[in-house]
Amino acid sequence: MNLTKILLSGSQYFILNKDLIKMIGLEPTLILAQLVEFEENKSKDKNEYFRTTIEDLILLTSLSNFKIKNGINNLYKKKLIDIIVNKNETIDVKIFHLQIYNLLNIDFKLLKKNKVKKKSIVNQKRFKKPKLKE
């Protein structure tokens with residue numbers, strides 16, 4: 001499962017990362033979470049642009065037009081997304097997942113190793129109290 005999807009998921013409700021909110025603010029984090037959701041639904045490849053509109057973001061996040069544009073600008077300045085504004089009121093967005101991991105100081109390789117260790121611990125037998133004979 002994609003780590004960004006875990007940190008920022010939002011199909012029926014949003015799960016937002018507290019550290020990310022402290023670093024970039026609530027509105028940009030909410031916008032980023034919605035963009036990750038759009039990317040999951042629209043894009044087959046994580047390294048390509050996907051198309052959406054600001055009106056879609058307004059409807060799904062219930063933020064104002066000003067806050068959406070300000071949040072997108074903030075995400076662009078922090079180099080978490082790249083955005084291309086088209087003439088027909090649409091925007092093309094690319095999310096830089098590695099930048100998000102770096103911002104949160106998450107080592108992706110270390111995270112994979114920890115998942116393997118957790119699985120091996122679960123497979124071990126539980127301690128049983130010794131009987132009187134033992």
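Being a predicted model, the structure only gives us computed values, none of them experimental.

Draft legend 1. Main features of the confidence of the model for the protein. Of all residues in the protein, 71% attain a pLDDT of 70 or more, and the chain-wide mean is 78. Predicted confidence in the protein is weakest over helix H7 (residues 108-123), with a mean pLDDT of 53, and strongest over helix H5 (residues 65-77), with 91.

Draft legend 2. Representation of the sheet that holds strand S1 (residues 50-53) in the model. Across the sheet, which stays open at both edges, the three strands sit in the order S1-S3-S2 with antiparallel pairing between neighbours. For this open sheet the edge positions go to S1 and strand S2 (81-85), each flanked by a neighbour on one side alone. Going from strand to strand, the sheet's axes swing by 35 degrees on average, the running direction of each strand aside. As paired strands, S2 and strand S3 (residues 90-95) are joined by five bridges and run antiparallel to one another. Looking at the pairing, Asp82 lines up with Lys94 of S3. Contacts from helix H4 (residues 54-61) reach S1 and S3, with the element oriented near 70 degrees to S1.

About the thresholds
- Residues numbered from 1 in each chain as written.
- Predicted model: local features only at pLDDT ≥ 70, side-chain atom pairs only at ≥ 80, totals over all residues.
- Heavy atoms only, no water.
- pLDDT = per-residue confidence, 0-100.
- Helix = DSSP H or I, 4+ residues; strand = E, 2+ residues; numbered from the N terminus.
- Pairing = 2+ DSSP bridges.
- Axes fitted to C-alpha atoms, helices over the stretch in contact; angles between N-to-C directions.
- Contact = heavy atoms within 4.5 Å.

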